[in-house]
Amino acid sequence: MAAGFYYIIFNPAAGAGTAVDTFKKIQARLDDLHIAYEIKVSRYSGHTIQLAKQIGGFNHRDDAVMLVIGGDGTLNQAITGLHQTEHADMPVAYIPAGSGNDFARGVGLSQDPLKALDQVLAADHPTVIDIGHYTEKTRGEAGYFVNNIGVGFDAAAVAATNRSRFKTILNRMHLGSLAYIVGVIGVFFSRKPFPVAIYVGGKRTYIQQAFLVTTTNHPYFGGGVRILPGADPRDGKLDLIVVEHLNTPYFLFLCLQLLLGRHTRYKRVHVFESPRIELETPSLEFGQMDGEELGSRPYELSFHVEKQNFWFVV
Ligand SMILES: Nc1ncnc2c1ncn2[C@@H]1O[C@H](COP(=O)(O)OP(=O)(O)OP(=O)(O)O)[C@@H](O)[C@H]1O
């Protein structure tokens, strides 16, 4: 079955505004091909959730696909909104147009918008890919993530990057990953290790000196860093990595090994894989979800994996 209609959700703020050019290219190609669509533009932070709720709530077509043009945060919000309707099974197509685009990397979707559109248009049935669901008990929140949820180092780096005046400039130069690296260096010297308790398969693991605690759906985070090369977004499991910080030189060594893809072989790097994972941090820590800030708090998180219909071929 071919897609008969595309509901487009477009975030013009994604990629520090570079998504606008991407959107124009996609629209021109759809018009050339006489493909039917309707555009909904995200006008403020969080608006994408409302737009996806409207699409899922009012759609009556069996052949409709929701096509998201934006970054990982936009995709997250579109899926979150769709899951608040009776049409959570509507397939989601995606054109990466953000700064990091880790989901596209993680599932094998091209970073080139027109090539990604070719992958979308080549689909004739939904493709099922894992997404994560989380519940955060400290503040009674719940939701979905497509990439990862991090507590500690990466989340502090996201918070620092978002407050950085360099982010917009670097994004305009297509150097969004560099903005994140600047944030990483900034927090590296300011954050302290913290204790974390992990619960997987009925077993509790306590780690006293955790620094990075990231639960991920696929290998990438932070705009292309392969944090967990073995994480597979189609295996029905989530992966959790905890990197300890014993002292600065050793942590720097582990970071170097991470960049070389060899970090998981060291005993101060802990990897857990399961459809269900729980963790608790007693201290106030930063959190991030798909690159969006979750705020600072003691975290009590439960994760499980769910299946989502997507619409593209890889
Ligand atoms: N019209 C808008 N103006 C400002 N912000 C918006 C608007 N629409 C959505 N947003 C917000 O834009 C933010 C960034 O979106 P998104 O994550 O898609 O892009 P990105 O950060 O550039 O990409 P990535 O997450 O892939 O690095 C989200 O927090 C979203 O709520």
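Residues numbered from 1 in each chain as written. Predicted model: local features only at pLDDT ≥ 70, side-chain atom pairs only at ≥ 80, totals over all residues.

Chemist: Which residues make up unusual backbone geometry, and what are the values?
Modeler: For Ala16, which is not glycine, the phi dihedral falls at a positive 50°. Tracing the sequence through the fold places Ala16 in the loop between β1 (5-10) and α1 (19-32). A positive phi angle is found at His34, which is not glycine, with a value near 55°. One can find His34 in the loop between α1 and β2 (37-41). (Helix = DSSP H or I, 4+ residues; strand = E, 2+ residues; numbered from the N terminus.)

Chemist: Run through the nonpolar core, naming residues and quoting values.
Modeler: By size, the foremost hydrophobic cluster in this structure holds 83 residues, and its most contacted members are Met66, Leu67 and Ile69. Taken domain by domain, this core gets at least three of its residues from each of domain 1 (5-127) and domain 2 (133-309). Setting aside residues no more than four positions away along its own chain, Leu67 makes contact with Tyr6, Tyr7, Ile8, Ala93 and Val120. (Core = buried A, V, L, I, M, F, W, Y, C linked by C-beta atoms within 7 Å. Buried ≥ 20, exposed ≤ 12 C-beta atoms within 10 Å, placed from the backbone. Domains from an automatic or database assignment. Contact = placed C-beta atoms within 7 Å.)

Chemist: So what's going on with the environment of Tyr266? Residues and values would help.
Modeler: Examined against the element boundaries, Tyr266 turns out to sit in the loop between α9 (248-259) and β13 (269-274). Using a count of 15 C-beta atoms within 10 Å as the deciding quantity, one classes Tyr266 as partly exposed. Linking Tyr266 and Val243, residues 23 residues apart in sequence, is a C-alpha distance of 9.5 Å. For Tyr266, the residues in contact, after removing those within four places along its chain, are Leu254 and Gln257.

Chemist: Give me the lowdown on the pairing of strand β16 (residues 292-297), citing residues and values where you can.
Modeler: Regular strands have side chains that alternate between both faces of the sheet. In this sheet, β16 lies alongside strand β15 (residues 285-289) in antiparallel orientation, the contact comprising five bridges. What sits directly across from Gln288, in β16, is Glu293. Linking two consecutive strands that pair antiparallel, namely β15 and β16, is a turn of two residues; a positive phi of about 50° is found at Asp290 within it. (Pairing = 2+ DSSP bridges.)

Chemist: Give a detailed account of the site of the ligand, specifying residues and quantitative values.
Modeler: Taken together, 23 residues are adjacent to the ligand, and Gly71, Gly73, Thr74, Gly98 and Gly100 come closest. Within the residue set of the shell around the ligand, elements represented by two or more residues are α2 (47-58) and α3 (72-82). Broken down by element, the shell around the ligand gets its largest block of residues, three residues, from α3. Class assignment for the residues of the shell around the ligand results in four nonpolar, 16 polar and three charged. (Near = placed C-beta within 6 Å. Nonpolar A, V, L, I, M, F, W, Y, C, P; charged D, E, K, R; others polar.)

Chemist: Account for the UniProt feature "domain: DAGKc" (unreviewed entry) in the protein chain, with residues named and values stated.
Modeler: UniProt's feature table lists "domain: DAGKc" (unreviewed entry) at residues 1-138, given in the numbering used throughout. The distance separating the terminal C-alpha atoms of residues 1-138 is 44 Å; by composition the span is 38% helix and 24% strand. (UniProt positions renumbered as here; feature names shortened; annotations may be inferred.)

Chemist: Tell me what's going on with the pairing of strand β5 (residues 127-136), and back it up with residues and numbers.
Modeler: In this structure, β5 lies alongside strand β17 (residues 300-310), joined through ten bridges in antiparallel fashion. Bridge assignment links Thr135 to a residue of β17, and that residue is Ser302. Pairing of β5 with strand β6 (residues 141-145), which is carried by five bridges, proceeds in the antiparallel orientation. Looking at β6, one finds that Gly132 is bridged to Phe145.

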